[in-house]
Amino acid sequence: MVEAVLIDLFSLSPNLQNNTQGLLRNTLETIEKCSSTPAPFVYVMCCQREGSERNGEEESSLPALSDFQSLKKRLEVVHSLTIVAALYTIKQRLDEKDLSIIKVILPTLRKDLMKIYVDHLFTAVYQFEFEDLQVASDGENLQIAEPRSEGQAFPTQDVALIRSEIQMYLESLPSLKGELTILRSSLIPDNIFLHGFTTRTGGISYIPTLSSCNLFSSSKRRDPQVVVKENLRRLANAAGFNLETFHRVKIDHANAVCVMGKTEPDSYDGIVTNQKGVTIAAPGADCIPVLFADPVRKACGAAHSGWKGTLLGVSMATVNAMVSAYGCNVKDILVVLGPSVGPCCYKLPHESAKEFHRIDPTCVRQFDSASPYIDIRRATRILLESGGILPENIQDDSVTDQNQNITFCTACHPDRFFSHFRDGSNFGTQIGFISIKD
């Protein structure tokens, strides 16, 4: 069932303005007659004339709403100077109401153009269907461009212009929830390495569970890749690394490790490098973003360690990759555990808890319950120390009293961190990142 209808009148030329009332009335009548209860939300997208907002002009393309009682409180006209601004505003309205099934009614010749905007600004969470806008009230078809052949690709240069328009618009948006904040460890020498752990502030993601500096996009969440890319651009500017040489792990919740410069696996939860200026990163939103630094051999690594990866030993796999690829000595490697869900909050089913109990009984609390509390950080530390990492070379602020905090519980600090455990499936993501300075 269609939850929202988007009527695209953005392309109307001045000589068609007089047709708008009849065109919109006919379309609304069709929606009202065909709609089930409740009626869908209706958004009418119109082009705002330059200076109209500044001069306080009231632009309205709506006919008398008294004729459309079922739509009266569910209809909104969105005037914007650009298509991307209008669509992004409408996306915010959809997300506020958790709407995902959208019908777009638009001139046939705008369909391919609209699909490009939709592909960039929305994710697979949303379902779109497209319907041709009916002829204007005087019987003339809306002609806004030369017709293209069936199946003809949209010109590459036009796609590039649309991407540039979207990027410029997103760059113009203000940061949300305060300034961008980066947590840094005193264990990793800053004269050799650039590193940090992000928090949730300083980005442009507006959905509550993703707001604001969400750094991961997927087909199951509402934050599109272009927004995540803009958040990442702001992070790179604040931290001082080059986005062109940024590499993030391709999560598989396992223990594969990518060695930069060698064949990249299809998926991996650890990554290592000894190349200067290359920034590597691992995400976390309860799972641990773990950073590794060897100041002697000047090599570094990053790993994503969830409960599955912890049990599979992804952290030691990352250490071993540094040893084998760069000749690192295990005793020289420094390890920092980033913000992640703590044993105060994290539970797993009893069968999974058994695996942590085998590592060490102290990794599990209330072991006899159906869902014991799990300490994935303690399990990670135990496995690292068993592999030869010195205890004093591991920073986990939940057990070590350092001057600053890095290893916060993400579930306990909603103002500072994202948490899958706390926020559900549409959750945001932090990252830990590290590079070797030039």
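Just above, that's the structure.
Scoring rules and cut-offs
Residues numbered from 1 in each chain as written. Predicted model: local features only at pLDDT ≥ 70, side-chain atom pairs only at ≥ 80, totals over all residues. Heavy atoms only, no water. Helix = DSSP H or I, 4+ residues; strand = E, 2+ residues; numbered from the N terminus. Buried < 20%, exposed > 50% of the residue type's maximum accessible area, 1.4 Å probe, protein only. Areas by Shrake-Rupley, 256 points an atom, 1.4 Å probe, with all protein chains shown as cover. Lys, Arg positive; Asp, Glu negative; His and termini not counted. Salt bridge = Lys/Arg side-chain N within 4 Å of Asp/Glu carboxyl O. Polar contact = N/O pair within 3.5 Å; in protein donor to acceptor, adjacent residues only side chain to side chain. Contact = heavy atoms within 4.5 Å. Pairing = 2+ DSSP bridges. Axes fitted to C-alpha atoms, helices over the stretch in contact; angles between N-to-C directions. Expected span 1.5 Å × (residues − 1). Arc of directions from axis to C-beta. 1 Å grid on protein atoms, 1.4 Å probe; cavity = no way out; pocket = protein on both sides within 12 Å on 5 of 7 lines; lining within 4 Å. Points joined across faces, edges and corners; volume = space filled by probe spheres on them. Nonpolar A, V, L, I, M, F, W, Y, C, P; charged D, E, K, R; others polar. Phe/Tyr/Trp six-rings, centres within 6.5 Å; stacked < 30°, edge-to-face > 60°. Lys NZ or Arg CZ within 6 Å of the ring centre and 35° of its normal.

A. Geometry of the overall build of the protein. Each helix and strand in the protein was counted, giving 10 helices and 18 strands. For the protein, the proportion of its 438 residues judged to be buried stands at 52%. Summed over all atoms, the accessible surface of the protein reaches about 19800 Å², with 48% contributed by carbon and sulfur.

B. Region of the structure containing the side chain of R221. Looking at the element boundaries, R221 is found in the loop between β7 (193–198) and α5 (225–239). Despite its burial, R221 pairs with no opposite charge; the closest candidate is D223, at 7.9 Å N-O. Within polar-contact distance, the side chain of R221 engages the backbone oxygen of F427 at 2.8 Å. With residues near it in sequence (within four places) discarded, R221 still touches T123, V125, L210, N214, F216, S425, N426, F427, G428 and T429.

C. Layout of the sheet that holds β7. Ordered in space as β6-β7-β18-β11-β8, the five strands form an open sheet in which the pairing is mixed. Two strands lie at the open edges of the sheet, namely β6 (182–183) and β8 (246–248), each paired on one side alone.

D. View of the sheet that holds strand β13 (residues 299–305). Pairing within the open sheet is mixed, and its six strands lie in the order β9-β10-β13-β12-β14-β17. Since the sheet does not close on itself, it has two edges, and those belong to β9 (257–259) and β17 (394–395), each with one partner. Relative to β17, strand β14 (residues 334–337) runs parallel, the two being bridged by two bridges. Residue V336 lies in a different strand from β17, and its bridge partner there is Q395. Along the sheet, helix α7 (residues 314–326) makes contact with β9, β10 (270–273), β12 (288–294) and β13, crossing β13 at roughly 160°.

E. Highlighting unusual backbone geometry. Of note, the bond from S211 into S212 is cis; its omega dihedral lies within 30 degrees of zero at 5°. Along the polypeptide, S212 turns up in the loop between β7 and α5. Here D98, not a glycine, exhibits a phi torsion of approximately 60°, which is positive. With respect to the secondary-structure elements, D98 resides in the loop between α2 (83–96) and β4 (101–106). Despite not being glycine, Q366 shows a phi value in the positive range, around 55°. By relative accessible area, Q366 is classed as partly exposed at 47%.

F. Local environment of helix α4 (residues 156–172). When the terminal C-alpha atoms of α4 are compared, their 25 Å separation across 17 residues agrees well with the 24 Å that a helix rising 1.5 Å per residue should span. Those residues of α4 not exposed but buried are V159, I162, I166, Y169 and L170. With its buried residues spanning 95° around the axis, α4 presents them on a single face. Opposite the buried face of α4, by more than 90 degrees, sit the exposed residues T156, Q157, L161, M168 and S172.

G. Up close: the layout of surface pockets. The computed volume of the largest pocket comes to approximately 600 Å³. What lines the largest pocket is a set of 25 residues, among which H253, C287, H304, H420 and F427 lie closest to the centre. Within the residue set of the lining of the largest pocket, elements represented by two or more residues are β11 (279–284), α6 (307–311) and α10 (420–423). Grouping the constituent residues of the lining of the largest pocket by class yields 11 nonpolar, nine polar and five charged.

H. Up close: the packing of aromatic side chains. Scanning all chains against the criterion turns up nine aromatic pairs. Taking 5.8 Å as the distance between ring centres and 75° as the angle between the ring planes, the aromatic pair formed by Y88 and Y169 counts as edge-to-face. On the criterion of sequence distance, the pair formed by Y88 in helix α2 and Y169 in helix α4 is long-range, its members being 81 residues apart. Each member of the pair, Y88 as well as Y169, carries the same accessibility label: buried. Through pairs of rings, three or more aromatic residues link up here, namely F122, Y126, F128 and F130. For R74, the ring lying beneath its charged end belongs to F41, and the centroid distance is 3.9 Å.

I. Just α2, in detail. Across its 14 residues, α2 extends 20 Å between first and last C-alpha, which sits within 8% of the 20 Å expected from 1.5 Å per residue. Of the positions making up α2, those classed as buried are I83, V84, A85, A86, L87, Y88, T89, I90, K91, L94 and D95. At the exit of α2 stands D98, carrying a positive phi of roughly 60°.

J. Summary view of the pairing of strand β2 (residues 41–47). Of all seven residues in β2, six are buried; the element is thus mostly enclosed. As judged from the five bridges shared by strand β1 (residues 4–8) and β2, these two strands associate in the parallel manner. Paired with D8 across the bridge in β2 is M45. The pairing of β2 with strand β3 (residues 75–80) spans six bridges and is parallel. Paired with M45 across the two strands is V78, which belongs to β3.

K. Expanded view of the environment of R365. Looking at the secondary structure, you find R365 in strand β15 (residues 364–365). In the structure, R365 is positioned 12 residues away from A353 in sequence and 9.3 Å away in space, judged by C-alpha atoms. Here the side chain of R365 touches P343 through a polar contact of 3.0 Å, landing on its backbone oxygen.

L. Quick peek at the side chain of R381. With respect to the helices and strands, R381 occurs in helix α9 (residues 376–386). Classification of R381 as buried rests on a relative accessible area of 10%. The contacts of R381, once residues within four sequence positions are left out, are L337, I394, D396, S398 and V399.

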